[in-house]
Amino acid sequence: MSIHLPLKKANSYAKLMFMSKIGIQNQLTSEYGDKFSPEAAQYAIDNIKADWNENALKKAESYQKTMSMSPEAIRDQLTSEHGEQFTQEEADYAIQHLNK
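As the structure is a computational prediction, the values presented were derived from the model and not from experiment.

(A) Just the overall build of the protein chain, in detail. When you go through the protein chain residue by residue, the secondary structure sums to six helices and zero strands. The order of helices and strands in the protein chain, counted from the N terminus, is α-α-α-α-α-α. Here the protein chain holds 100 residues, and the buried ones make up 36% of them. Summarising the internal contacts of the protein chain: among those between residues at least 6 apart in sequence, 55% fall at separations of at least 24. Looking at the protein chain, you have 11 positive and 14 negative side-chain charges, and the mean spots of the two groups are 9 Å apart.

In structure tokens, the structure reads:
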């Protein structure tokens with residue numbers, strides 16, 4: 001298997017779906033997702049070109065527009081292990097830049 005396929009998938013998840021680093025890594029390795037090896041997923045994560053703060057902001061804007069969530073509810077969703085799995089810092093950036 002080419003090491004470029006997991007990286008291509010990771011880039012798509014980051015650029016089109018605005019996923020977090022952990023979310024992408026989990027998707028790449030999930031038995032219900034792409035089923036790549038942990039090593040292939042780590043290679044993709046190490047080599048992806050993504051602005052995680054901007055991805056968190058795009059997700060926050062989506063939650064605000066489609067679900068009318070409060071900033072605190074959005075922050076919780078962004079950082080939840082059952083949600084988007086962004087870091088606290090990325091979620092803070094998103095909330096600070098929401099509606100700007």
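(B) Helix α5 (residues 71-79), seen in detail. Ile 74, Arg 75 and Leu 78 are the residues of α5 that are buried. Buried residues of α5, viewed axially, fall in a sector of 100°; they line one side. Looking at the packing, one finds that the buried side of α5 touches α4 (52-67) and α6 (88-97).

(C) Examining the packing of helix α2 (residues 21-29) against helix α3 (residues 38-47) more closely. Running from N to C, α2 and α3 cross one another at 150°; their axes reach a closest spacing of 9 Å. The handedness of the crossing between α2 and α3 comes out as right-handed. Contacts between α2 and α3 involve Lys 21, Ile 24, Gln 25, Leu 28 and Thr 29 from the former and Pro 38, Ala 41, Gln 42, Ala 44 and Ile 45 from the latter.

(D) Main features of the packing of helix α1 (residues 4-16) against α2. Relative orientation of the contacting elements α1 and α2 amounts to 135°, with a least axis distance of 10 Å. Taken together, the axes of α1 and α2 lie oblique to each other. In this structure, α1 meets α2 at a crossing whose hand is right-handed. Here Pro 6, Lys 9, Ala 10, Tyr 13 and Ala 14 of α1 lie close against α2, whose contacting residues are Ile 24, Gln 27 and Leu 28.

(E) The pattern of salt bridges, seen in detail. Per the stated rule, a full pass over the model turns up four salt bridges. Linking Lys 59 and Glu 84 is a salt bridge whose minimum nitrogen-to-oxygen distance equals 3.8 Å. Linking Lys 59 in helix α4 with Glu 84 in the loop between α5 and α6, this pair joins segments that are 25 residues apart in sequence. A residue is classified by how much of its surface remains accessible, and Lys 59, at 18% relative accessible area, is buried. A relative accessible area of 14% means that Glu 84 is categorised as buried. The closest approach of N and O atoms between Arg 75 and Glu 72, which form a salt bridge, is 3.4 Å.

What counts, and where the lines are drawn
Residues numbered from 1 in each chain as written. Predicted model: local features only at pLDDT ≥ 70, side-chain atom pairs only at ≥ 80, totals over all residues. Heavy atoms only, no water. Helix = DSSP H or I, 4+ residues; strand = E, 2+ residues; numbered from the N terminus. Buried < 20%, exposed > 50% of the residue type's maximum accessible area, 1.4 Å probe, protein only. Contact = heavy atoms within 4.5 Å. Lys, Arg positive; Asp, Glu negative; His and termini not counted. Charge placed at Lys NZ, Arg CZ, Asp CG, Glu CD. Arc of directions from axis to C-beta. Axes fitted to C-alpha atoms, helices over the stretch in contact; angles between N-to-C directions. Left-handed = near helix turned anticlockwise from the far one by under 90°. Parallel < 35°, antiparallel > 145°, perpendicular 65-115°, else oblique. Salt bridge = Lys/Arg side-chain N within 4 Å of Asp/Glu carboxyl O.

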